[in-house]
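A structural walkthrough
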Amino acid sequence: MCDNSNPVYKDPRHGQSRELIYSYDKDGNFEKTVGFHGETDRVILQQAWDHFHERIQLAKDQVLAGKVSPVVYYMEKNLLDPLSLSMLSGISLWRVKRHFKPFIFNRLREKTLLKYTATFNISLDQLKKVE
Amino acid sequence: MIKLDYEHRQAGHCESGVTSNLLHYHGYEISEPMAFGIGAGLFFSYLPFLKMQHAPTTSFRVWPGMVFERATKMLGVKTVVLRFRKPEDSMKKLNEILDQKIPVGLQVGTYNLTFFPPEYRMHYNMHNMVVYGYDDKIYFVSDTLMDRLVTITYDDLLRVRYAKGVFAPMGRMYYPTYVPKDIDLKPAIISGIRKTANNMTGVPFPLIGTKGIRFLSRRMRKWERKLGPEKAAYYLGQVLRMLEEVGTAGAGFRFIYGAFLEEAGGILKQEWLREMAIEMGETANKWREFSYYGSRNCKKRGKADQSYDFLADMLLDCADREEKIFRKLAKIK
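What you see as residue numbers is a count from 1 along each chain, following the sequence as written. Following the order in which they are written, the chains are lettered starting with A and the ligands numbered starting with 1. Only residues with pLDDT of at least 70 are given local features in this predicted model, and only at 80 or more are side-chain atom pairs given and counted; all residues enter the totals for whole chains, interfaces and linings.

**Quick word on the packing of helix H8 (residues 229-244) of chain B against helix H10 (residues 271-299) of chain B**
Residues and elements named next belong to chain B. Convention followed: To get an axis, fit a line to the C-alpha atoms, keeping to the stretch in contact for a helix; angles then go from 0 to 180 degrees between the N-to-C directions. A run of DSSP states H or I qualifies as a helix once it reaches four residues; a run of E qualifies as a strand once it reaches two. Both are numbered from the N-terminal end. Crossing handedness is defined as follows: a turn of the near helix away from the far one that is anticlockwise and smaller than a right angle gives a left-handed crossing, while the clockwise case is right-handed. Here contacts are defined at the residue level, using C-beta atoms placed from the backbone and a cut-off of 7 Å between them.
Packing of H8 against H10 brings their axes to within 9 Å, and their N-to-C directions diverge by 145°. In the crossing of H8 with H10, the sense of the turn from one axis to the other is left-handed. Within the contact between the two elements, H8 uses Ala233, Leu236, Gly237, Leu240, Leu243 and Glu244 and H10 uses Trp287, Ser291, Gly294, Ser295, Asn297 and Cys298.

Set out below in structure tokens:
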């Protein structure tokens with residue numbers, strides 16, 4: 001929905017762009033307007049980002065508690081799910097899911113770990129712990 | 001260094017905007033709704049088995065690439081569409097084509113797109129933009145979503161062109177090579193409308209077209225009971241995001257399609273298309289109402305402001321209206 005007042009976002013970088021939106025008025029004309037996002041768009045976009053941040057925080061807690069491996073944390077941080085992570089890294093889905101267990105992850109070869117570091121664009125030391 | 005004299009015009013939908021702008025560069029004037037309508041871009045599908053960002057996929061448009069390919073084919077424009085196995089080849093070819101003074105359309109993923117608004121930077125591989133020039137390691141980009149021209153570096157462009165995942169672009173690039181002098185729009189419009197009408201009402205499969213809207217409405221009634229209030233709100237939010245967010249120009253392309261019907265009525269000189277356009281506009285306003293009430297459910301966590309039955313009834317209303325419209329449109333001559 002188009003609105004020329006810029007609503008306040010939780011993240012200050014959000015909601016800065018002006019977009020072209022079509023609309024239909026009572027007189028039967030289709031109009032084009034360029035403007036900032038309205039309230040509806042802000043709510044639904046904010047919901048998605050809240051959801052992502054929540055998942056990242058949950059993954060972080062679980063890694064620190066030793067329940068899952070850091071791969072899960074980096075997966076959530078990059079907004080991925082197991083299927084897209086396997087597509088991105090070139091490791092098959094069942095292996096990716098196996099690597100979520102800390103016991104399996106700790107004995108992985110460097111060759112496999114390097115695939116993950118290349119996917120997440122981080123160093124090997126970073127992969128082994130969460131900051 | 002190459003920088004073509006390319007006119008950037010902002011558009012509601014990325015792909016039809018790119019089609020309209022590319023043809024404009026080659027000297028043929030076609031509006032964005034016209035390109036969208038001839039390309040038969042309007043669609044509906046609900047795919048509960050395909051999860052996108054942890055929620056079922058809802059789509060209000062056809063497969064990526066269809067609008068450009070169909071629209072240019074119907075208009076008799078000759079085009080080249082290329083994909084590459086090796087990333088380096090794709091960049092070499094891109095430079096080659098730009099040297100011939102032809103702007104090139106690209107399909108890219110949005111996650112690593114540096115100039116893109118940060119709120120949209122999720123894994124979404126169906127975005128389209130035009131490259132109209134390059135300098136040493138810098139490419140000049142016209143993105144119809146943005147209100148200004150932007151640039152991108154060589155490495156970043158390579159990364160977004162080879163984004164992986166669902167609908168991976170694989171370096172897909174496309175450009176028109178030959179545009180005929182005088183184009184007859186009438187058969188193209190009729191064929192486009194027929195195709196859309198068939199997509200929406202004529203396909204015997206429960207997940208697409210108006211049947212798909214009804215299916216979604218049935219599922220929506222069960223969400224709160226089956227998934228719990230929080231997850232139900234997130235699923236609803238995902239539908240709304242596909243409906244209102246980036247690239248739909250509002251109400252899941254229904255406004256843009258109404259504008260197309262109005263324009264088509266003028267060109268074909270058929271008065272009843274104008275009435276259809278009015279009905280389409282009213283339907284679009286219903287969709288917008290749906291997203292307004294729906295977003296109130298997403299606002300408070302776990303507390304439904306509107307009941308899901310109420311929202312599902314609104315969806316049914318939209319489905320009925322659209323079915324009526326497209327059953328009539330299918331009879332166009």
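**Details of the domain arrangement of chain A**
Filter applied, for reference: All domain edges in this entry derive from an automatic or database-based domain assignment.
For chain A, the assigned domains read domain 1 (2-37) and domain 2 (43-128). Relative placement of domain 1 of chain A and domain 2 of chain A: their C-alpha centres are 36 Å apart.

**Side note on the domain arrangement of chain B**
Assigned domains within chain B: domain 1 (2-30 + 78-178) and domain 2 (192-329). Relative to domain 2 of chain B, the C-alpha centre of domain 1 of chain B lies at a distance of 30 Å.

**Examining the interface of chain B and chain A**
Our working rule: Gly falls in the polar group here, along with every residue not listed as nonpolar (Ala, Val, Leu, Ile, Met, Phe, Trp, Tyr, Cys, Pro) or charged (Asp, Glu, Lys, Arg).
Across the contact, 39 residues belong to chain B and 30 residues belong to chain A. In terms of residues, the side of chain B that touches chain A owes the most to one element, H10(B), which gives 10 residues. Partitioning the side of chain B that touches chain A into residue classes produces 16 nonpolar, 13 polar and 10 charged.

**Here's the deal with the pairing of strand E2 (residues 42-52) of chain B**
All names here are of chain B. Our working definition: For two strands to pair, DSSP has to find at least two bridges joining them.
Here 6 bridges tie E2 to strand E3 (residues 55-61), and the two strands are oriented antiparallel to one another. Paired with Lys51 across the strands is Pro56, a residue of E3. Taken together, E2 and the strand that follows it, E3, pair antiparallel across an intervening segment of 2 residues, in which Gln53 is found at a positive phi of about 50°.

**Here's the deal with unusual backbone geometry**
All names here are of chain B. Keep this limit in mind: Exposure classification rests on a simple neighbour count of other C-beta atoms within 10 Å of a residue's own: a residue reaching 20 or more is buried, one at 12 or fewer is exposed, and one in between is partly exposed. C-beta atoms are placed from the backbone.
Positioned with a positive phi, Lys137 is a non-glycine residue whose angle comes to about 70°. Tracing the chain through its elements places Lys137 in the loop between strand E6 (127-135) and strand E7 (138-142). The exposed category is assigned to Lys137, around which 9 C-beta atoms lie within 10 Å. Notably, Lys269 is not glycine yet its phi reads approximately 55°, a positive angle. Relative to the elements of secondary structure, Lys269 occurs in the loop between helix H9 (254-268) and H10. Given 8 C-beta atoms within a 10 Å radius, Lys269 is considered exposed.

**A word on the environment of Pro56(B)**
All names here are of chain B. Examined against the element boundaries, Pro56 turns out to sit in strand E3. Sequence separation between Pro56 and Leu236 is 180 residues, and the spatial gap between their C-alpha atoms is 9.7 Å. The residues contacting Pro56, other than those within four sequence positions of it, are Tyr46, Leu47, Pro48, Lys51 and Tyr235.

**Thoughts on the nonpolar core**
Counted only if it meets this: By our criterion, buried Ala, Val, Leu, Ile, Met, Phe, Trp, Tyr and Cys residues that link up through C-beta atoms within 7 Å make up a nonpolar core.
Core analysis: the biggest nonpolar cluster contains 101 residues, and Val131(B) and Leu315(B) have the highest contact counts within it. Here the element with the most residues in this core is helix H11 (residues 308-329) of chain B; it accounts for 10 residues. Beyond its immediate chain neighbours, meaning those up to four positions away, Val131(B) contacts Leu94(B), Leu98(B), Pro103(B), Val104(B), Leu106(B), Tyr139(B), Phe140(B) and Val141(B). Formed by 15 residues, the second largest nonpolar core is a distinct cluster that contains Val63(A), Phe105(A), Phe120(A) and Leu127(A).

**Considerations on the packing of helix H7 (residues 209-227) of chain B against H11(B)**
All names here are of chain B. This is how it is decided: Comment on the angle field: the value is read as roughly parallel under 35 degrees, roughly antiparallel over 145, roughly perpendicular from 65 to 115, and oblique elsewhere.
At a minimum axis distance of 9 Å, the contact between H7 and H11 shows a crossing angle of 175°. For the element pair H7 / H11, the angle class is roughly antiparallel. In this structure, H7 contributes Thr210, Ile213, Arg214, Leu216, Ser217, Met220, Arg221, Trp223 and Glu224 to the contact, and H11 contributes Tyr308, Asp309, Leu311, Ala312, Leu315, Leu316, Cys318, Ala319, Glu322 and Glu323. Grouping the amino acids of the contact of H7 with H11 by side-chain chemistry returns 11 nonpolar, 2 polar and 6 charged.

**Observations regarding the confidence of the model for chain B**
Our working rule: Per-residue confidence from the predictor is given as pLDDT, running between 0 and 100.
Confidence in the prediction of chain B, expressed as mean pLDDT, is 84, and 97% of residues score 70 or more. Two numbers describe this predicted complex: its pTM, 0.84, and its ipTM, 0.80.

**Points about the pairing of strand E3 (residues 30-37) of chain A**
Residue and element names in this part refer to chain A. The sheet contact formed by strand E2 (residues 19-24) and E3 spans 6 bridges and is antiparallel. Counted as the bridge partner of Glu19 is Gly35 from E3. Between the antiparallel neighbours E2 and E3 lie 5 residues, among them Gly28 with a positive phi of about 90°.

**Digging into helix H3 (residues 66-75) of chain B**
Residues and elements named next belong to chain B. The element H3 is extensively covered by neighbouring structure, given that 7 of its 10 residues are classed as buried. Those residues of H3 not exposed but buried are Val67, Phe68, Arg70, Ala71, Thr72, Met74 and Leu75. Next to the buried residues of H3 lie helix H1 (14-25), helix H2 (32-38), strand E4 (78-82), strand E5 (104-108), strand E9 (173-178) and helix H6 (185-202). Positive backbone phi, at 80°, marks Gly76, one or two positions downstream of H3.

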